[in-house]
Structure formats: structure tokens, C-alpha cells
Amino acid sequence: MTAENLKRTPLYECHLEAGARMVPFAGFEMPVQYRGVIEEHRTVRTAVGLFDVSHMGEIDVTGARALDFIQFVTCNDASKLVPGRAHYSGLMTPRGTFVDDLLVHKFSDEHYFLVVNAANKDKDYAYLCAQVPGFEGVSVRDRSDDWAQIAIQGPRALEVTQKLTSVPLADIKYYRFVEGEIDGVKAIIARTGYTGEDGFEVYVAPAAAAPLWRSLMAAGAGAGIAPTGLGARDTLRFEACMPLYGNDIDDTTTPLDAGLDWIVKLDKGGFLGRDLLVRQREQGITRKLVGFEMKGRGIARHGYPIVSGGAEVGVVTSGTHSPTLEKALGMGYVPVALSAVGTPIEIEIRGQRVAAEVAGTPFYRRAK
Amino acid sequence: MSNPQELLYARTHEWVRLEGDTATVGISLYAQEQLGDVVFVELPAAGKQLVGGDVLGNIESVKAVSEVFAPLAGQVVETNGELEAHPEQVNADPYGQGWLVKLKVAPGAGAGLMDAATYEKFVAEEGAH
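Residues numbered from 1 in each chain as written. Chains lettered and ligands numbered in written order. Predicted model: local features only at pLDDT ≥ 70, side-chain atom pairs only at ≥ 80, totals over all residues. Heavy atoms only, no water.

Brief notes about the nonpolar core
Residue and element names in this part refer to chain A.
Moving on, step 1. Of all hydrophobic cores here, the largest spans 84 residues; its most connected members are Val61, Phe69, Leu114, Met294 and Ile347.
Moving on, step 2. Looking at this core, the element that brings in the most residues is strand β7 (residues 98–108), giving six residues.
Moving on, step 3. Among residues more than four places away in sequence, those in contact with Phe69 are Val61, Leu128, Gln131, Val132, Phe135, Val138 and Val140.
Moving on, step 4. Grouped together as the second largest cluster of nonpolar side chains are 32 residues, Tyr12, Leu169, Ile172 and Phe200 included. (Core = buried A, V, L, I, M, F, W, Y, C linked by side-chain atoms within 4.5 Å. Buried < 20%, exposed > 50% of the residue type's maximum accessible area, 1.4 Å probe, protein only. Helix = DSSP H or I, 4+ residues; strand = E, 2+ residues; numbered from the N terminus. Contact = heavy atoms within 4.5 Å.)

Considering the pattern of salt bridges
Moving on, step 1. All chains considered together, the criterion is met by 27 salt bridges over all chains.
Moving on, step 2. Of the charged contacts, one joins A:Asp68 and A:Arg65 as a salt bridge, the two residues approaching to 3.1 Å between their closest N and O atoms.
Moving on, step 3. According to the relative accessible area criterion, A:Asp68 is partly exposed, its value standing at 37%.
Moving on, step 4. Taking the relative accessible area as the measure of exposure, A:Arg65 reaches 32% and is therefore partly exposed.
Moving on, step 5. A:Lys295 is the partner of A:Glu293 in a salt bridge, and the nearest nitrogen-oxygen pair spans 3.7 Å.
Moving on, step 6. Three or more residues are tied together by salt bridges with common partners; here these are A:Arg301, A:Arg350, B:Glu42 and B:Glu60. (Salt bridge = Lys/Arg side-chain N within 4 Å of Asp/Glu carboxyl O.)

Let's talk about the domain arrangement of chain A
All names here are of chain A.
Moving on, step 1. Per the domain assignment, the segments of chain A are domain 1 (3–54 + 147–239), domain 2 (57–145) and domain 3 (286–359).
Moving on, step 2. Each of domain 1 and domain 3 was reduced to a C-alpha centroid, and the two centroids are 32 Å apart.
Moving on, step 3. Listed per partner, the contact involves eight residues of domain 1 and 11 residues of domain 3.
Moving on, step 4. Here domain 1 packs against domain 3, burying approximately 750 Å² in sum over the two surfaces, 64% of which is carbon and sulfur.
Moving on, step 5. In terms of surface lost to domain 3, no three residues of domain 1 exceed Arg42, Phe238 and Glu239, which account for 64% of the buried area on that side.
Moving on, step 6. For the pair domain 1 and domain 3, the number of links is one salt bridge. (Domains from an automatic or database assignment. Buried area = accessible area lost by both parts, 1.4 Å probe.)

Brief notes about the sheet that holds strand β7 (residues 65–69) of chain B
Residue and element names in this part refer to chain B.
Moving on, step 1. Spatial ordering of the open sheet is given by β4-β6-β7, a layout of three strands whose pairing is antiparallel. Lying at the two open borders of the sheet, with one neighbouring strand each, are β4 (38–42) and β7. Ignoring strand direction, the axes of neighbouring strands in this sheet form an average angle of 25 degrees.
Moving on, step 2. Of the pairings in the sheet, the one linking β4 to strand β6 (residues 55–61) comprises four bridges and is antiparallel in character. Looking across to β6, one finds that Val38 is bridged to Ser61. (Pairing = 2+ DSSP bridges. Axes fitted to C-alpha atoms, helices over the stretch in contact; angles between N-to-C directions.)

Some remarks on unusual backbone geometry
Across the chain, the bulk of peptide bonds are trans and the bulk of non-glycine residues have phi less than zero.
Residue and element names in this part refer to chain A.
Moving on, step 1. In the segment running from Thr361 into Pro362, the intervening peptide bond is cis, with an omega of -5 degrees.
Moving on, step 2. Structurally, Pro362 is set in the segment after β20 (352–359).
Moving on, step 3. Despite not being glycine, Arg350 has its phi angle at roughly 45 degrees, a positive value.
Moving on, step 4. Tracing the backbone shows Arg350 in the loop between β19 (344–349) and β20.

Observations concerning the confidence of the model for chain B
Moving on, step 1. With 98% of its residues at a pLDDT of at least 70, chain B reaches an overall mean of 94.
Moving on, step 2. Here the predicted complex carries an ipTM of 0.86, next to a pTM of 0.94. (pLDDT = per-residue confidence, 0-100.)

What follows is the structure in C-alpha cells.
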């Protein structure tokens, strides 16, 4: 196995020290697991886990017309953001499908900070640059090499992170962020995450990442903190039914197909793909992303056919054995007529049709 | 690594315990480590005739599905039903409670499989790639 062309995050040494199994992911050598996916998953649900998400892409959009630009390329309504607030959104193709899903953070009217999927970063950056000519004075900059990102997630994330900063973290509401010092270094501290738990995503300069990681590990020792790999990151986001680009959403699916109506703001003015989304909302969607539970023995996986009445009617987008619910669950696209909770469907697993049933989502919701 | 000396091993990381005309088959310590947390085991029906190299079954971890291959030819005489409720035994005790199937094999079966020392060398080389 050659690792020559893979990039390493500033936390690479920390992962090796923690006994991580490293795998190629989105052009990076990333930790897939340390002690085991299930154990790491449970640590995040019950205590606190630390994630290296430095592979994620960060893009700055600046200029007097930055808001106009963001409004044009994404489907959510960024005019509703105030400085220090972030939202989930979609970077749209002209067909109303996803170039990527992303977080849009507003620093000011003239500065937005986008966080995008690692695997899509180069594509997103090129796509954004191609839209700039209509927006005089707007500048798009790929800042991914300037930021490392550490996620601290779990019910004890606040308590642990607070030990390293004088910023009153409890005052940062969900999907808000502040600029402040943590462990003596400048950071963006956001109350966001991809696990279904409370927690923070902290952005620091690459050189500051490893010291911060070690400080967080030390600060969290009493709380049972543990490093968490990409394996558990996937099962955690899956239980919370947070879509994964490339699995549950892609450039063939619209936010309405994916049940993400809440990020589609058709009244905000023109934007890429709006016409198609307007038509789709008028005419109604034909397929829908649903959750399902396996009733027969087997685990549904990405790409497996969904069958009803003897015919293939859809496809599984994500599926695994849920560590929290301890059953085999999945997500996939089905015709709207089959999308009601309780509808029996079948999943074709290695040529065998196995019973399943449409289930309510999200599978997991934390107690508030 | 502690791979029992009395077992034989395949390049596809299954182990075989030969007792008379019965071969008990499982996956090695190394294989279960590579798979991670096992959450589902799919085994063949008793009576199935397998040729060496056939897909014996599937083992699923949280992350992925992996095929298990028959390390030698034989007829399935028994499968480990305990794994239906406790697939994690493949991780916890790969050479004991985590066994997969028992095959009825012909005399002389097992030729071409590795002994523990050879297997360990094989794993070390594979890991170095």
C-alpha cells in the first residue's frame, strides 16, 4: 500500500500514538478507528469523543457582495444569518441538486466562512470561482491548508472544552460560533457537529492542532474522553440521520428528495437551481429519502436494491448495525407511495430479498 | 500474536482444526482485527458442499462486509448457531467460541495450508506492504 500521494493532517502523529488504524480518505491518511468503532461510538453517546476533522475544506467568501453571492449559490437563506451564526445549506447545481452540503458561517456582511466536505473541496472551490464573475468584488479563497479542525462531541464536551478556555461556552447556542482563545491559541469555536450530540467544532492554525489535541485529551481524562475515528463518525451521523454526501445525497438528488425542505428557501430570491426546486415543490417529489429497519436477518449497505412487489423500486444509501439501537437500520430512496412509516419493503442482500420496514427518522435523538 | 500451533492457516486468513475427517474453520486473530467489531455472520446451510476457495460466508463489521473463503474442500456438517445472537465472539475468541463451521473433509485434506509459524511470517509480510 502506498501512502505517497496522501496528505496528512497536523494530528497524524497523535493518531499513531493513540494506536489508530489509518486509511486513505478523501486524499488524506485518516484514522478509521482506534479501539473499535462500537466502543468509540458509545463513548461519544455517553461521555465525550475527540475527532480530527482537519481534512474538511474551509473556504472564505469576502467582498461587499458576499451575501449576494452566498444567496445565489446556496439554497438556504443566508440573509437570516447574523454575525456569529452558522447554518446548514446546500451548494446547488443549476438543476437544484447538490454540488455539496456545507456549513455557512457569517462573520460579517462581507465575510462568510464555508466548511465543505474534504472529498468535494477542490470541486466546490472551482465551482464557486466559476460563479464569481457575476459578483463584482467577491473573492473566494481556499483556506483549507490554513485551518485544522478538531471536533469535541458528546454530553461531556462542554465541561471538558471549558477547562481550556475562558470563553463562556454555555452561552454559545447551537449553530453559533465565537472567535476566542482556547489553550492559549486563537480559534473559531462553533457549537456544531456531525454526531447528534452536543459539542463543538474548533478551528485553529495547523501548528496549534497537536498541542490542543493533547490538552483536550488531558482535560477530558476524568470524563472518559477518547479519540474517535471516521468509522464511529459515520455510525454516529447515521443514527442521527445526518446525510453523508456521496451516500445519501449527491449531484443527482435535490434537497427536497432528501427531505431537507428546511434548507430550501424559495422565497429568498433567485439562486442556482431555484426554478427546478420550485417546479419540484409544485409537482411534488417522486421519491423520498427514508429510514428503514431490517425485519429479517441482514445488514443493508450502500447501493443495495430496495424491492417492493417483486420489482426494484429504490436504492439503499446508507446502512449499518446501529451501535446505540442495536439493530440493523438503513436509509434509502423509495417512491413517495412507499415512504410512510410502517410500509413493508425488501432489501436485496447478495441476491436474497430480506424484509424491512420504513421507520421514523432520525433513529437517534439525544435527550435535551 | 498468538496463533495456536496445532491449527493450519490459509492465505485468506481462515484457520482449520483437523480432527479425523472433521475440519473446524474460523478466522484468524489477524483477520478479526482487520475486520473490526463483528456485528453479523452469515454462514452456509448444513449439507452444502464446498470446494476450497468457495465463498463460505460473509462476516460484517459495523463498517463493511467481508467474504470468508473455504480454506479446504468439504461438506458443511455444522455451523456455529451461537454467532447469530453473539457475532462478537468472532472478535473475542476467534480460535474458540468464534468458530464458524465444521466441514466433513476427505483424507489428506489440509495440504497446502500453512502452519502457525509460516502464517505469522505471511501476515508480517502482508502487513509490511
